[in-house]
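Chains, contacts and geometry: an overview
One letter stands for each residue in the lines below.
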Amino acid sequence: AIFGTVFTIPARQHNLGLRLGLVRAQGTLEHPILWGLVATMGVANGFYVWRQNLVKAFGMSGFFTFMVGTSLSSGPLLAVFAQICLTAWDRMFFFMRFRWIVLGFLALFLLLLMKILAQFHLMDFVLAHFTFSTTSADGRLVVFDYGMMEVMKHPVFGIGLNDWTRPWYRAGKSSFDNFWLLEAMRYGIPTFAFLALAWIGGALRIATQRTLTPEEQDYRRGYLIALAGLTITLGTVYIWNATCIFVWIYLGAGAWFYMSKQPEEVRDE
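Residues numbered from 1 in each chain as written. Predicted model: local features only at pLDDT ≥ 70, side-chain atom pairs only at ≥ 80, totals over all residues. Heavy atoms only, no water.

**Thoughts on the side chain of Thr 87**
- Here Thr 87 shows up in helix H3 (residues 74–92).
- According to the relative accessible area criterion, Thr 87 is buried, its value standing at 11%.
- Residues within four places of Thr 87 in sequence aside, it is in contact with Phe 47, Tyr 48 and Ile 225. (Helix = DSSP H or I, 4+ residues; strand = E, 2+ residues; numbered from the N terminus. Buried < 20%, exposed > 50% of the residue type's maximum accessible area, 1.4 Å probe, protein only. Contact = heavy atoms within 4.5 Å.)

Structure follows, in structure tokens:
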């Protein structure tokens, strides 16, 4: 109501029921999950920007975590959990030079071990244990399975703006809650590969920049950890309008970490 006196507020979704007895916040955006997605970007960044002052660091990170919580959306909350885990790993093993490489190998090993011992599909496990609604979890499994079938049938050019094949009981539900998969399904695997290359390549370029001051290195950690959380959230939602613009601005803004650090002789030419 307060925002509505200044901004144009999108109409609230009519199919949003109460969760945990609470109304889900959506702020100035079109859906609560978009509100949660945008708020996740402040969790790790808020901590690392003020890392030298732990009161402010935990205060800002906690504030954005609360904002994510008001959306009551499992995707953004899972991203917050991932950011907290990555931040804890970084702070506990700050003395270890190759801690991120070690973490990567540990994650791959644990996933392989769980796959062998538990005999379950990773996505089934995540959706069954880390979502508020079993109905929405089942819907996301349908989206993933049928989306992958469309990708396999149209691997090069995708289906374009045509409708995607889905079960008869979802005939009236065209929503597709997976940004990564929808890009591959709509525009083909080559286009998705270029998008992934830009996403991963930019992150690697930032991560390997060696001319940053200690303060800028903190900013980099916050940026990359938030980007990792965003990568997770985009697997649970499609983005459009202001949220889409925000995501691309955030991705492009990361170029500051290496574009402003060119050698002096290059900048003088």
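**Structural notes on the packing of aromatic side chains**
- Scanning all chains against the criterion turns up 16 aromatic pairs.
- Ring geometry for Phe 63 versus Phe 64: centroids 5.4 Å apart, planes at 75°, classification edge-to-face.
- Taking the relative accessible area as the measure of exposure, Phe 64 reaches 25% and is therefore partly exposed.
- Ring geometry for Tyr 223 versus Tyr 250: centroids 4.5 Å apart, planes at 15°, classification stacked. (Phe/Tyr/Trp six-rings, centres within 6.5 Å; stacked < 30°, edge-to-face > 60°.)

**Description of unusual backbone geometry**
- Positive phi, normally seen in glycine, also occurs at Leu 72, with a value near 50°.
- Within the element layout of this structure, Leu 72 appears in the loop between helix H2 (54–71) and H3.
- In this model, Asn 241 sits at a positive phi of 50°, which is unusual for a non-glycine residue.
- With respect to the helices and strands, Asn 241 occurs in helix H10 (residues 241–253).

**Considering the environment of Ala 82**
- The residue Ala 82 is located in helix H3 in this model.
- Here the alpha-carbon distance between Ala 82 and Leu 230, two residues 148 residues apart in the chain, equals 10.0 Å.

**Considerations on the nonpolar core**
- Among the nonpolar cores identified, the biggest contains 36 residues, and Leu 37, Trp 199, Leu 227, Leu 230, Leu 234 and Ile 239 are the most heavily contacted of them.
- Of all the secondary structure elements, the ones that give two or more residues to this core are helix H1 (32–49), H2, H3, helix H7 (179–187), helix H8 (189–207), helix H9 (214–233), H10 and helix H11 (256–259).
- Counting residues per element, this core draws most heavily on H1, which supplies 10 residues.
- Discounting residues that sit within four places of it in the chain, Ile 239 has contacts with Leu 34, Leu 37, Phe 179, Leu 234, Cys 244 and Val 247.
- With 9 residues, the next largest nonpolar core counts Val 151, Ile 159, Trp 164 and Leu 182 among its residues. (Core = buried A, V, L, I, M, F, W, Y, C linked by side-chain atoms within 4.5 Å.)

**Focus: H7**
- The buried fraction of H7 amounts to 7 of the 9 residues, a majority that puts the element mostly inside the structure.
- Taken as a whole, H7 has its buried residues at Phe 179, Trp 180, Leu 181, Leu 182, Glu 183, Ala 184 and Met 185.
- Here H7 starts with a cap whose side-chain oxygen sits 3.2 Å from the backbone nitrogen of Trp 180, and that cap is Asn 178.
- Note on H7: the residue one or two positions beyond its end, Gly 188, has a positive phi of about 95°. (Polar contact = N/O pair within 3.5 Å; in protein donor to acceptor, adjacent residues only side chain to side chain.)

**So, the side chain of Glu 30**
- Note on placement: Glu 30 falls in the segment before H1.
- A polar contact is formed between the side chain of Glu 30 and the side chain of Asn 241, at a distance of 3.0 Å.

**What to know about the packing of H1 against H9**
- Relative orientation of the contacting elements H1 and H9 amounts to 155°, with a least axis distance of 8 Å. Classified by the interaxial angle, the pair formed by H1 and H9 is roughly antiparallel. When you trace H1 past H9, the crossing you get is right-handed. Of the residues in H9, those touching H1 at Leu 37, Met 41, Ala 44, Asn 45, Tyr 48 and Val 49 are Asp 218, Tyr 219, Arg 221, Gly 222, Tyr 223, Ile 225, Ala 226, Leu 230 and Thr 233.
- Its residues assigned to classes, the contact of H1 with H9 shows 10 nonpolar, 3 polar and 2 charged. (Axes fitted to C-alpha atoms, helices over the stretch in contact; angles between N-to-C directions. Parallel < 35°, antiparallel > 145°, perpendicular 65-115°, else oblique. Left-handed = near helix turned anticlockwise from the far one by under 90°. Nonpolar A, V, L, I, M, F, W, Y, C, P; charged D, E, K, R; others polar.)

**Points about a nonpolar patch on the surface**
- On the surface, Phe 98, Ile 101, Val 102, Phe 105 and Leu 106 cluster together into a nonpolar patch covering about 490 Å² of accessible area.
- Here Phe 105 is to be found in helix H4 (residues 99–118). (Patch = residues over 30% accessible without salt bridge, like charges linked within 9 Å, V, L, I, M, F, W, Y side chains within 5 Å. Areas by Shrake-Rupley, 256 points an atom, 1.4 Å probe, with all protein chains shown as cover. Salt bridge = Lys/Arg side-chain N within 4 Å of Asp/Glu carboxyl O.)

**Focus on the confidence of the model for the protein**
- Across the protein, pLDDT averages 85, with 83% of residues at or above 70.
- Within the model, pLDDT remains below 50 along residues 264–269, and this stretch shows 2 contacts once partners closer than five positions in the same chain are excluded. (pLDDT = per-residue confidence, 0-100.)

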